[in-house]
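This is what each chain is made of:
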Amino acid sequence: MNERLFRQAMGKFATGVTVVATKVGGKVHGMTANAFMSVSLNPTLVVVSIAEKAQMLEYMKKSKQFSVNILSAEQKELSMIFAGQLKENREVSFDQLGGVPVLPGAIAQVVCEVTAAHVEGDHTLFIGKVKELQVNEHRGDPLIYYSGQYRSLAE
Ligand code: FAD
Ligand code: NAD
């Protein structure tokens, strides 16, 4: 399979953008991710997919808990920071929800406990049981990712 064509095709699936965050040894680590999906309503389960080369993989295995922070259109810069697309080191402050770091200003914050981890190819799928939720409607529209570009919703 041609890798470029695969990425081009997958990029046609417009998504929101999240920052997955966790804490190990008192240190918070965040990573931009669009491979996020709601899995089950009863029980409430979600999945995130983390690349084998990502630092985040070891942190998630250790902490066994994480948050998924759904970014607003105003948080493009945060997405770039947590994807390593902005090179300068920035201090980013996190809030806590159920003892897990969450990103202030996100339109939804989903706190999970890892209930399973499935290695598939070069990624690990982490199933998270939702423990805490916060929805911040007033934060406005979501940040969108499409064809490798950040977008916003059109009216
Ligand atoms: P690093 O590269 O070490 O960390 C990422 C960046 O976050 C670094 O610049 C670091 O300085 C910064 N950072 C981390 N914690 C903090 C903190 N507490 N305060 C301030 N800065 C901090 N990869 C996947 O595996 N799955 C996906 O679903 C996925 N989706 C993506 C979607 C988009 C739109 C983009 C742009 C990228 C996506 N990636 C995804 C790629 C992934 O975001 C990058 O490869 C990322 O750099 C991997 O992070 P890392 O865990 O290896 O850690
Ligand atoms: P891109 O144009 O190559 O990505 C388009 C789409 O292809 C992505 O939205 C995703 O669905 C898929 N994709 C890209 N890289 C992948 C990977 N390593 N594993 C599985 N699916 C992947 O690249 P971009 O959107 O400009 O992203 C910038 C960087 O972020 C690249 O280094 C890319 O690899 C990485 N990224 C990784 C994932 C992931 O691991 N699931 C998802 C999005 C972006």
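Rules behind the numbers
- Residues numbered from 1 in each chain as written.
- Chains lettered and ligands numbered in written order.
- Predicted model: local features only at pLDDT ≥ 70, side-chain atom pairs only at ≥ 80, totals over all residues.
- Heavy atoms only, no water.
- Core = buried A, V, L, I, M, F, W, Y, C linked by side-chain atoms within 4.5 Å.
- Buried < 20%, exposed > 50% of the residue type's maximum accessible area, 1.4 Å probe, protein only.
- Helix = DSSP H or I, 4+ residues; strand = E, 2+ residues; numbered from the N terminus.
- Contact = heavy atoms within 4.5 Å.
- UniProt positions renumbered as here; feature names shortened; annotations may be inferred.
- Near = heavy atom within 4 Å.
- Polar contact = N/O pair within 3.5 Å; in protein donor to acceptor, adjacent residues only side chain to side chain.
- Areas by Shrake-Rupley, 256 points an atom, 1.4 Å probe, with all protein chains shown as cover.
- Nonpolar A, V, L, I, M, F, W, Y, C, P; charged D, E, K, R; others polar.

K.L.:
Describe the nonpolar core, listing the residues and the values that go with them.
P.N.:
Core analysis: the largest hydrophobic core is formed by 18 residues, its most contacted members being V20, V48, I50, M56, M60, F66 and F126. For this core, the secondary-structure elements that each account for two or more residues are β3 (27–33), β5 (45–51), α2 (56–63), β6 (65–70), β9 (108–120) and β10 (123–135). A per-element tally of this core places β5 first, with four residues. When residues no more than four places from it in sequence are discounted, the contact partners of V20 are H29, G30, M31, A33, V48, M56, M60, F66 and S67. By size, the runner-up hydrophobic cluster in this structure holds 10 residues, among which are V17, V19, I81 and F94.

K.L.:
Describe the UniProt feature "domain: Flavin reductase like" (unreviewed entry) in the protein chain, naming the residues involved and giving the relevant values.
P.N.:
What UniProt calls "domain: Flavin reductase like" (unreviewed entry) maps, in this numbering, to residues 10–152. The span residues 10–152 carries 11% helix and 50% strand; its end-to-end C-alpha distance comes to 19 Å.

K.L.:
Give a description of the site of ligand 2 that names residues and reports values.
P.N.:
With respect to spatial proximity, the complete set of residues near ligand 2 consists of R7, M10, G11, N34, H123, Y145 and G148. Within the contact set of ligand 2, an oxygen atom lies 2.5 Å away from a side-chain nitrogen or oxygen of R7. Between an oxygen atom of ligand 2 and a side-chain N or O atom of H123, the distance comes to 2.6 Å. Relative to its unbound accessible area of 640 Å², ligand 2 is 59% covered by the protein chains. For the shell around ligand 2, the class distribution of residues is two nonpolar, four polar and one charged.

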